[in-house]
Amino acid sequence: MRETMEARRARLMGPNVPTFYRQPVHIVRGQGVWLWDADGKRYLDCYNNVAHVGHCHPRVVAAIAQQAAVLNTHTRYHHDLVLNYIERLTGTLGHGISQAIMVCTGSEANDLALRMAQAVTGKTGIIATDATYHGNTAAVSQLSTRRPPIGGRAPHVRLVPSPETLAPLGGSAAAQPAAFAAHVARAIDELEAAGFGFSGLMLCAVFANEGLPGIAPGFLDPTVEVVRRAGGLILCDEVQPGFGRVGSQFWGHDWLGFAPDVVTVGKPMANGHPVAACLARPDVMAAFREAFGYFNTFGGNPVSAAACLATLDVIEDEGLQARGAATSAYLLERLAALRHGRIVNVRGVGMFFGLEFGGIGAGEFAADLVEDMVARGFLLNRIGRNGATLKIRPPMVFGQAEADLLADALQAALDAA
């Protein structure tokens, strides 16, 4: 009997290797917003921010191939491309952030951000929300809430309640900013009393894994005041909202309206090529370089840098930020027009949308809906504390025609639910 893909994966990769969907999709080809499986079935990709400018974009593919044919080496040699990229990327940032360390994954970038906060403050206490994900190194997995660490969470870590849409902290949307800040202040006091001190707060500017709650620019202002007063750093994970996804701004933190000390980026920055970065002000970088002897063999290698530069070219030349803003408004209108008794909220920030369901078993309802949509040829997923929010986060080349396909299929699936 021929071995199944699931059995082969388990034999070669071990048990419990995560996949999307109850019946995993075996993808063999991609182009733009479309993916094809091994049987030739086509899927509309409504989920992957990794392929930020579209699957297999020819300009990114060409940049990778051309540089790979000339040279790929590691970062202990001088090379222009990585410097060209850092200079260009930091040119999109304000707040004095002008330096970067290139790495290979967002997890590595966030791990560095934690150490930068330690280097600047001389303290180790760190705060994140209680429904987040920032990666899978030993350090950042302490902040992530998917599975509790063996032996319990480290004592220098505090997780505060994340903002919510339907049950906002403080009892109302108006009270939520101050209530969130109060939780952060309380966690800082606990860390100081425990002897760890407070080094920083790590967050995603749109609280993506928390369910994309319905917050607005200015939400973080009271928290920023609390963090600054305590001498800590704000570490902003831009892996999901960055590179124009929020539409009105290139970066999520500029949309929300705060100045981070450190910014981390990953998956979308090279359209899926494995590269990431940790960006900071010179004073923060100097403190880190003094405290830690760090280098990354492959971070910012010439091929990765070429892919990064090509991705920026495509974003700019194809006007993807403005196009995404237009598509966002259109799709949000289509989603708001969906009809089903379990829909309790529709929200979006740029090319990132949440469709939340209520009632008993809302998470299971959302999970079933995701599977139905996959069967219909649409890839999306769910997020939030109880998994009751449909997560829609397509490549930036997703347009109004695709928005119509998605909205029509969602209504058909909801009618059949």
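Since the structure is predicted, the reported quantities are computational estimates derived from the model, not experimental observations.

Asker: So what's going on with the pairing of strand S7 (residues 198–204)? Residues and values would help.
Answerer: Among the 7 residues of S7, 7 are classified as buried, and the element is accordingly described as predominantly covered. Examined bridge by bridge, strand S5 (residues 125–129) and S7 share 3 bridges and lie parallel to one another. Bridge assignment links Ile126 to a residue of S7, and that residue is Gly200. Inspection of the sheet shows S7 paired to strand S8 (residues 233–237) by 5 bridges, in the parallel sense. In the strand pairing of S8, Met202 is matched with Leu235. The handedness of the S7 to S8 crossover, carried by helix H6 (residues 221–230), is right-handed.

Asker: Any details on helix H8 (residues 282–291)? Residues and values, ideally.
Answerer: All of the buried residues in H8 are Val284, Met285 and Phe288. The buried residues of H8 occupy an angular sector of 95° when projected down its axis, which confines them to one face. On the buried face of H8, the contacting elements are strand S4 (99–103), helix H4 (106–121), S8, strand S9 (262–265) and strand S10 (276–280).

Asker: Which residues make up the sheet that holds strand S6 (residues 157–160), and what values go with them?
Answerer: The sheet built from 7 strands is open, its strands ordered S4-S10-S9-S8-S7-S5-S6 with mixed pairing. Of all strands in the sheet, those with a lone pairing partner are S4 and S6, marking the two edges. Each strand axis lies, on average, 20° off the axis of its neighbour in the sheet, ignoring direction.

Asker: So what about the packing of aromatic side chains? Which residues, and what values?
Answerer: Counting across every chain of the model gives 11 aromatic pairs. With a centroid separation of 5.6 Å and an interplanar angle of 40°, the aromatic rings of Phe180 and Phe219 are classed as tilted. You can see Phe180 sitting in helix H5 (residues 176–193) and its partner Phe219 sitting in the loop between S7 and H6, a full 39 residues away along the chain. Comparing Phe180 with Phe219 shows no difference in burial state: the two are buried. Pairwise contacts between aromatic rings join Phe20, Tyr21 and Tyr47 into one cluster. Directly above the ring of Phe295 sits Arg76, whose terminal nitrogen or CZ lies 3.9 Å from the centroid.

Asker: I'd like a rundown of the side chain of Arg158, residues and numbers included.
Answerer: Turning to its location among the elements, Arg158 is positioned in strand S6. Not counting chain neighbours up to four residues away, the residues in contact with Arg158 comprise Ile126, Ile127, Ala128, Ala187, Glu190, Leu191 and Ala194.

Asker: Tell me about the pattern of salt bridges, and name the residues and values.
Answerer: Using the criterion set out here, one finds 18 salt bridges in the structure. Of the charged contacts, one joins Asp404 and Arg334 as a salt bridge, the two residues approaching to 2.7 Å between their closest N and O atoms. Of this pair, Asp404 sits in helix H12 (residues 400–416) while Arg334 sits in helix H10 (residues 320–336); the two residues are 70 residues apart in sequence, bridging distant segments of the chain. For Asp404, a relative accessible area of 24% gives the class partly exposed. A salt bridge links Arg334 to Asp408; the nearest nitrogen and oxygen atoms lie 2.8 Å apart. Of this pair, Arg334 sits in helix H10 while Asp408 sits in helix H12, and the two are 74 residues apart along the sequence. The exposure class assigned to Arg334 is partly exposed, which follows from its relative accessible area of 23%.

Asker: So what about the pairing of S5? Which residues, and what values?
Answerer: Here is the key point about a regular strand: its side chains alternate between the two faces of the sheet. Counting buried positions along S5 yields 5 of 5 residues, so the element is predominantly enclosed. The alternating pattern of S5 places Gly125, Ile127 and Thr129 and Ile126 and Ala128 on opposite faces, both of which are buried. As judged from the 4 bridges shared by S5 and S6, these two strands associate in the parallel manner. If you follow Ala128 over to S6, its bridge partner there is Leu159.

Asker: So, unusual backbone geometry: which residues are in play, and what are the values?
Answerer: One non-glycine residue with positive phi stands out, namely Cys56, at about 55°. Within the secondary structure, Cys56 sits in the loop between strand S3 (42–45) and helix H2 (58–68). Even without glycine at this site, Phe207 takes up a positive phi of about 50°. Here Phe207 lies in the loop between S7 and H6.

Procedures and definitions
- Residues numbered from 1 in each chain as written.
- Predicted model: local features only at pLDDT ≥ 70, side-chain atom pairs only at ≥ 80, totals over all residues.
- Heavy atoms only, no water.
- Buried < 20%, exposed > 50% of the residue type's maximum accessible area, 1.4 Å probe, protein only.
- Helix = DSSP H or I, 4+ residues; strand = E, 2+ residues; numbered from the N terminus.
- Pairing = 2+ DSSP bridges.
- Right-handed = clockwise from strand over helix to strand, strands pointing away.
- Arc of directions from axis to C-beta.
- Contact = heavy atoms within 4.5 Å.
- Axes fitted to C-alpha atoms, helices over the stretch in contact; angles between N-to-C directions.
- Phe/Tyr/Trp six-rings, centres within 6.5 Å; stacked < 30°, edge-to-face > 60°.
- Lys NZ or Arg CZ within 6 Å of the ring centre and 35° of its normal.
- Salt bridge = Lys/Arg side-chain N within 4 Å of Asp/Glu carboxyl O.

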